[in-house]
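Remarks on the overall topology
So the chains spell out like this:
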Amino acid sequence: MELFGQALGLGTIGLVAGVLGAVIAALATRGQTSTLTSYVQHFAAGLIIAAATLDLLPEALHLGGGWPLIIGFVLGTAFMLALRALLTRFGHGHSHGDEHGHGHGHGHGHGDSQTKAVTGVNLRLVVALAVVVLIDGAIIGIALSAGGAAALLIAIALSIELLFVAASTAGSARAGGGSLGTAIGVGAFVAVMMPIGAVLGAVVFAGVSAPVLIAGLGFGAAALLFTAVAELLVEAYEIKESTGTIAMAAGGFLLFLILMMLM
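Source: prediction; values computed, not measured.

I48, I140, L162 and V165 are the most contacted members of the largest nonpolar core, which has 68 residues in total. When neighbours within four sequence positions are excluded, L162 is seen to be in contact with G14, L15, G18, V133, V190, A191 and M194.

What follows is the structure, encoded as structure tokens:
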């Protein structure tokens with residue numbers, strides 16, 4: 001019960017940070033022409049890529065790597081591809097590229113156009129980011145169940161990541177024409193996955209064998225990388241691509257690197 005409470009408490013730090021980020025982004029994003037969303041999404045992508053490459057994969061390799069890591073990574077990629085295909089099939093995917101437009105104009109499939117016209121929400125992006133945050137929460141829970149003294153620092157680092165992830169979610173909804181309440185709501189939905197993941201990670205992964213843990217870390221790394229590259233950056237490029245936005249992605253990666261160095 002004590003472990004449950006600790007996991008919930010550390011996960012709640014992320015929840016608060018995520019809701020704060022969602023509120024700020026929803027208020028700051030004025031409309032579809034706003035480039036703020038692109039900058040935030042690039043920064044969040046940098047953070048997510050760093051979490052996968054500087055935290056999950058090194059930990060998996062430290063525990064032994066091998067076939068469990070490969071299998072977990074393949075399963076994670078397959079899961080995200082299947083999830084993407086499922087959501088696209090039900091009308092929540094993008095069809096990129098406006099053949100007659102200028103710059104980075106974008107078009108949407110019929111189902112997606114209907115959805116965004118009403119809510120402004122890219123459901124595929126929201127679900128993918130919710131999975132990412134759930135995995136981040138599980139990392140906190142795993143650190144706690146392993147008795148790691150760095151669990152608090154990990155929670156702080158991932159909460160900073162969540163602040164920008166939730167902000168990018170809310171900003172995307174707002175830029176897509178969604179209401180202020182809708183934008184904050186989807187950001188909060190993504191953020192609440194952090195305490196849920198922390199509790200699940202602490203309970204499910206307590207005492208599991210090393211191969212299972214390695215496979216889980218590989219699965220998580222694949223999901224994080226997939227979301228950053230196939231969802232966040234793709235949508236960000238539709239809004240704005242420039243030297244500044246690319247620098248923001250590098251800045252996000254650097255921030256997480258610094259946080260890891262402090263642990």
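Turning to a nonpolar patch on the surface, a few remarks are in order. A cluster of nonpolar side chains, F4, L8, L134, F189, V192, I196, L200, V203 and V204, forms an exposed patch at the surface whose accessible area comes to about 720 Å². Among the elements of the structure, α1 (2-28) and α8 (193-204) are those that each provide at least two residues to the nonpolar patch. Note that L8 resides in helix α1.

All right, on to the UniProt feature "transmembrane region" (unreviewed entry) in the protein then. According to UniProt, the positions carrying the feature "transmembrane region" (unreviewed entry) are residues 6-27, 39-57, 69-87, 123-144, 150-171, 183-206, 212-234 and 246-262. Helix makes up 100% of residues 6-27 and strand 0%. Its end C-alpha atoms lie 32 Å apart. Between the end C-alpha atoms of residues 39-57 the distance is 26 Å, and the span holds 100% helix and 0% strand.

A few words on helix α6 (residues 151-175). Helix length check: α6 (25 residues) gives 35 Å between terminal C-alpha atoms against 36 Å at 1.5 Å per residue, within 8%. By the criterion of burial, α6 is predominantly enclosed, with 18 of the 25 residues buried. Two residues or fewer past α6, G177 is found with a positive phi of approximately 105°.

Bringing the packing of helix α7 (residues 180-191) against α8 into the picture now. Relative orientation of the contacting elements α7 and α8 amounts to 10°, with a least axis distance of 5 Å. Put simply, α7 runs roughly parallel to α8. Note on element contacts: α8 touches α7 through M193, M194 and P195, opposite F189, V190 and A191.

Position of E59 relative to the elements: it lies in helix α2 (residues 36-62). For E59, a relative accessible area of 35% puts it in the partly exposed group. In this structure, the C-alpha to C-alpha distance between E59 and G218, residues 159 residues apart in sequence, is 9.6 Å.

This prediction gives the protein a mean pLDDT of 81; 83% of its residues lie at or above 70. Between residues 95-118, whose pLDDT stays under 50, and residues either more than four places distant or in other chains, the model counts 35 contacts.

Our next topic: the packing of aromatic side chains. This structure, assessed with the given rule, holds two aromatic pairs. Seen in terms of ring centroids, F43 and F164 are 4.4 Å apart; in terms of plane orientation they differ by 45°. Their pairing is tilted. Here F43, found in helix α2, pairs with F164, found in helix α6; they are 121 residues apart in sequence, far enough to count as distant. The partly exposed category is assigned to F164, whose relative accessible area is 24%. When the centroid spacing of 5.6 Å and the interplanar angle of 45° are considered together, the rings of F79 and F219 count as tilted.

The rules we used
Residues numbered from 1 in each chain as written. Predicted model: local features only at pLDDT ≥ 70, side-chain atom pairs only at ≥ 80, totals over all residues. Heavy atoms only, no water. Core = buried A, V, L, I, M, F, W, Y, C linked by side-chain atoms within 4.5 Å. Buried < 20%, exposed > 50% of the residue type's maximum accessible area, 1.4 Å probe, protein only. Contact = heavy atoms within 4.5 Å. Patch = residues over 30% accessible without salt bridge, like charges linked within 9 Å, V, L, I, M, F, W, Y side chains within 5 Å. Areas by Shrake-Rupley, 256 points an atom, 1.4 Å probe, with all protein chains shown as cover. Salt bridge = Lys/Arg side-chain N within 4 Å of Asp/Glu carboxyl O. Helix = DSSP H or I, 4+ residues; strand = E, 2+ residues; numbered from the N terminus. UniProt positions renumbered as here; feature names shortened; annotations may be inferred. Expected span 1.5 Å × (residues − 1). Axes fitted to C-alpha atoms, helices over the stretch in contact; angles between N-to-C directions. Parallel < 35°, antiparallel > 145°, perpendicular 65-115°, else oblique. pLDDT = per-residue confidence, 0-100. Phe/Tyr/Trp six-rings, centres within 6.5 Å; stacked < 30°, edge-to-face > 60°.

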